[in-house]
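Per-entry structural report
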Amino acid sequence: MPNRPETATGTDTAAGTGGAPDDITVERPSGPYRSAARTTFTDATGSPAGELSLAPPLLIRQVLNEMRAAPEQPAAERLAALARAGELFATATLDGETPDAYCRRQALVSGLPVSAARRTLDRVARTGRAAADTLAAQRPTGAVPLDALSAGDTTAVWVRKGDVLGVLAPGNHPATHLEWLGALALGYRVAVRPSQRDPFTPRRLVRALREAGLAPAYTALLPTTHEHAEALVEQADLGLVYGGDGVVARYADSRRVLAQGPGRSKVLITREVPWRDHLDTVADSVAADAGVQCLNASAILCEDDPQGLARALADRLGRLPLLPPDHPDAVLPVRPLDEARRLAQQLHDTVGAVGAVDPAGTQSVAAPETDPAERFFADLGDGSAVLRPLVVSLDSPQDPHFGTELPFPYAAVAPWTPDLRPSAFGRTLSLTVLSEDASLVRECVASPRIRNVHQGDVPTHWTRPGLPHDGALAEFLMESKTFAGGPGAAAGPGPAG
Amino acid sequence: MRDVDAVLGTPWHELPSADAVVAAAMEWHFNPATGSRFWVERAASLPFDPRKDITTLADLNRFPDVSAEWRDVPVEDLLPAGLRGLGRLPSVWESGGTTGAPKRIVDLGQWERNTCWWSEVLDEHGFPSGDGNLLFLGPSGPHVVAEALRGLARLRGAVFFPVDLDPRWVRRCLQDGQSDIARHYVDHLLDQAEWVLTSQNISLLYATPPLLEAIAERPRLAGLVRDKVRGIMWGSTSIDPETLRLLSTEVFPDAAVSGLYGNTMMGAAPQRPAVPDDTEPCVFQSFHPYVHLSLLDPDDLSREVAYGERGRVCMRQLSPEVLLPHVLERDTAMRVAPVPGFGGDGVADVQPFSDGGKKIIEGVY
């Protein structure tokens, strides 16, 4: 069992600031609100880290009504506030919380390497700055924005489908919160239910936005129980939810709720491209930001020597350091030991026997007295465990283990043959294609089951503000409608009938 | 026999001691001349003699919990012989059936006595009396609560306007995953409430927390309640503390809001007025000394938890018509020390008990 290494800053309390446990309040338009119903949340060692105020459905309704009742803030002011808020999020002390304190809290509670939160600081700043450009880029060229509409126009106009967006936020990665900033740019009021794994990111965003001058009624933070989360989506005009396949299936037919599920992102390498030259891109796609994003690759298709690639990738990922989340060099996710053990047991029962590739120099069979599942995690000795990277070698992409997504660096490697088509991929959020076959690349771009295609040494998780993530959010939140204004509108030439 | 009745039936203003009530109840319910067939026959199989060995409240723990048998025992077997031939037939009330088939009790006045006391507690809360009528959103049928509220309306000079509700049907809808039907049913109830509130002089409202929340969702109906109702009684399902705070401070800020804990088997345990140093917003008192609530350690049911701790609710009823010496309720609650003016411990923050098994569906009632 590896010893827990020294951390860079030393650990004091679970909340990571040396002070009292963190009190995450409801953020209403009128300000912070401490609910009479509260629950304790824990850090990655399983120790209590703070309390969340829980909003029962009645409070959710009250807050949403307040948001709806508040006057509209002009678009120019909102966009300016978004840009300023991004800077504040990245650099300012907000309600006593420095960027460092935020990153540390986020890491200790989510179990993610602190570098993920650090990178998020900058990503929020860039997203805020780019909000106005993103807005313009997502609008259909044939439609005008509402505030550019004049009484005498006859035109398509780009309008919101509702006023309030309810977000059931995930806790896998802080950058997922970038998505709803786009909704604010469009003029939505956004009510976020934070995950117990990461209440800090949306709280800091709400603080930054209000500090930057966004009208308080545009944002709310509504922690609530799992049982009552649905009330937020029901009461809002539209909902943005994150979850597994069950959640996605549940909302598949909904026009009101957009469900974002597992990404199942992939890398495809055809024969004419030597995979050894691109191992960095492959490993980065799998393991960047601890492999927890939907944009991280969880499957690799390789035409030439897939087993060699699996072995090389296992060796590469097997050398990643096993560190607690607040260590500056941490790169792997940390979970409470019990949870890690449960996950490891599942892995042992499923892929453990069939295809797990052990890195060179390790034994596939542990000492007889130890639990064989223990090779999937590393006990840090403080109640938490690092989830070790895992590479699985499969005979075919038809294998049922192909397309699995797990909350740590995980990749299933399967052989690719030219007779397979993109339909063999299954649903894919982001695909990196390393291939000289232009028609194959084109076919991937055209495939409705592949949402984003990166060609060459562009890792699956690469992104930039303004580019669609899983489609553009505006495609869900906005619509075009006709405005024919003034007495002259009907007199002009129109289509027959 | 009449001496026994004098103790068991004494008005609550001249309270006998709890142990005196225990002794009188043992004598009354286990004497073949006055007791019910159910208890007199049961006495033979008990490993103790209730009339000799049970003298204190704590001794009642020696009894088994027989309440489940009251799902199918004929009601004639439950009526004490000493209450036969009074020229009155007992009323029979049924529980809501949250935890299975309903249980039944006989009643020859205990609920009425309980309600008279409750009405006095409502005076202390500042509820209107002789000034406006009572709208009741709850079940009639085999359930006792409508009858109790009808009595309460009479005591407070209020005309009783009931809207009927079938709680078993709602629960069945929810159990079967038909939450849309349950919601439709709630709309139907609220439509009826709106008719009454629009046209009548209503100052008192009884409703369950889910119905109060549903009222809050309908702006016109919530406005009618805000404009007219001065006293809101809630009960029959639990409520989380935040929802209660919102209902009383934001949704209906000008009405007195007071809770009621209780059920068919234990009677009404109203919320007592707050006293200085209360840490709990809502403390319920049972109809002492005829009904006792004990908070037992879930891991060791022979031990009562300390004040301020949470325990499983154990109810004991010692009325002339009902002996229930030891009933483990479906709930847990916090034990609160007695305060002047009220006998026995208070209970606060009542929540459905969960042992990790099937979730209890409270429904809208």
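Residues numbered from 1 in each chain as written. Chains lettered and ligands numbered in written order. Predicted model: local features only at pLDDT ≥ 70, side-chain atom pairs only at ≥ 80, totals over all residues. Heavy atoms only, no water.

**Some remarks on the interface of chain A and chain B**
Just so we agree on the cut-off: Here, residues are in contact when the closest pair of their heavy atoms is within 4.5 Å. The buried area of a pairing is the accessible area, by a 1.4 Å probe, that goes missing from both parts when the two are put together, added over both. A pairing counts as a salt bridge when a side-chain nitrogen of Lys or Arg comes within 4 Å of a carboxyl oxygen of Asp or Glu. In protein, a polar contact means a hydrogen-donor-capable atom and an acceptor-capable atom, both N or O and within 3.5 Å, with residues adjacent in sequence counting only if both atoms are side-chain atoms; elsewhere, any N or O pair within 3.5 Å suffices. Secondary structure elements follow DSSP: runs of H or I no shorter than four residues count as helices, runs of E no shorter than two count as strands, and numbering proceeds from the N terminus. Side-chain classes follow a simple rule in which Ala, Val, Leu, Ile, Met, Phe, Trp, Tyr, Cys and Pro form the nonpolar group, Asp, Glu, Lys and Arg form the charged group, and the remainder, Gly included, forms the polar group.
At the junction of the two partners, chain A supplies 15 residues and chain B supplies 13 residues. Carbon and sulfur atoms make up 51% of the area that chain A and chain B hide from each other, which totals about 1100 Å². The largest share of the area that chain A buries against chain B comes from Ala36, Leu58 and Arg61 of chain A, three residues that together contribute 43% of it. Inspection of the chain A/chain B interface yields three salt bridges. A salt bridge links Arg61 of chain A to Glu217 of chain B, with the nearest nitrogen and oxygen atoms 3.1 Å apart. Taken together, the connections running from chain A to chain B amount to nine residue pairs in polar contact (both at pLDDT 80 or more). Elements with a minimum of two residues in the side of chain A that touches chain B: α1 (57-69) and α7 (226-235) of chain A. Ranked by the residues each element gives to the side of chain A that touches chain B, the list is headed by α1 of chain A, at five residues. Counted by class, the side of chain A that touches chain B contains eight nonpolar, three polar and four charged residues.

**Here we look at helix α11 (residues 219-228) of chain B**
The condition that has to hold: With a 1.4 Å probe rolled over the protein chains alone, any residue whose accessible area is under 20% of its type maximum counts as buried; one over 50% counts as exposed, and the rest are partly exposed.
Those residues of α11 of chain B lying buried are Leu221, Ala222, Gly223, Leu224 and Val225 of chain B. For α11 of chain B, the secondary structure elements touched by its buried residues are α9 (179-199), β5 (202-207), α10 (209-217) and β6 (231-235) of chain B.

**Remarks on the domain arrangement of chain A**
Residue and element names in this part refer to chain A. As a reminder of what qualifies: Residue ranges for the domains trace back to a domain assignment, done automatically or taken from a database.
Looking at the assigned domains, one finds that chain A contains domain 1 (26-261) and domain 2 (265-364 + 371-455). Between domain 1 and domain 2, the C-alpha centre-to-centre distance is 30 Å. Domain 1 puts 21 residues into the contact, and the matching count from domain 2 is 19 residues. When domain 1 packs against domain 2, close to 1500 Å² is buried across both sides, 52% of that on carbon and sulfur atoms. When the buried surface of domain 1 facing domain 2 is broken down by residue, Ala44, Thr45 and Pro113 rank first, second and third, together holding 30% of it. Two residues, Asp289 and Arg119, come together in a salt bridge whose shortest N-O distance is 2.0 Å. For the interface between domain 1 and domain 2, the tally reads seven residue pairs in polar contact (both at pLDDT 80 or more). Elements that contribute at least two residues to the side of domain 1 that touches domain 2 include exactly α3 (99-110) and α4 (114-138).

**Structural notes on the environment of Arg119 of chain A**
Residues and elements named next belong to chain A. When you line up the elements, Arg119 lands in helix α4. Taking relative accessible area as the criterion, Arg119 reaches 41% and is therefore assigned partly exposed. The spacing of Arg119 and Cys103 is 16 residues in sequence and 9.5 Å in space, taken between C-alpha atoms.

**As for the state of the cysteines**
We count it as follows: Any pair of cysteine sulfurs within 2.5 Å is marked as a disulfide.
Across all of its chains, the model carries zero disulfides over all chains by this definition. Of all cysteine sulfurs, the one in Cys444 of chain A lies closest to Cys302 of chain A, which takes part in no disulfide; the gap is 15 Å.

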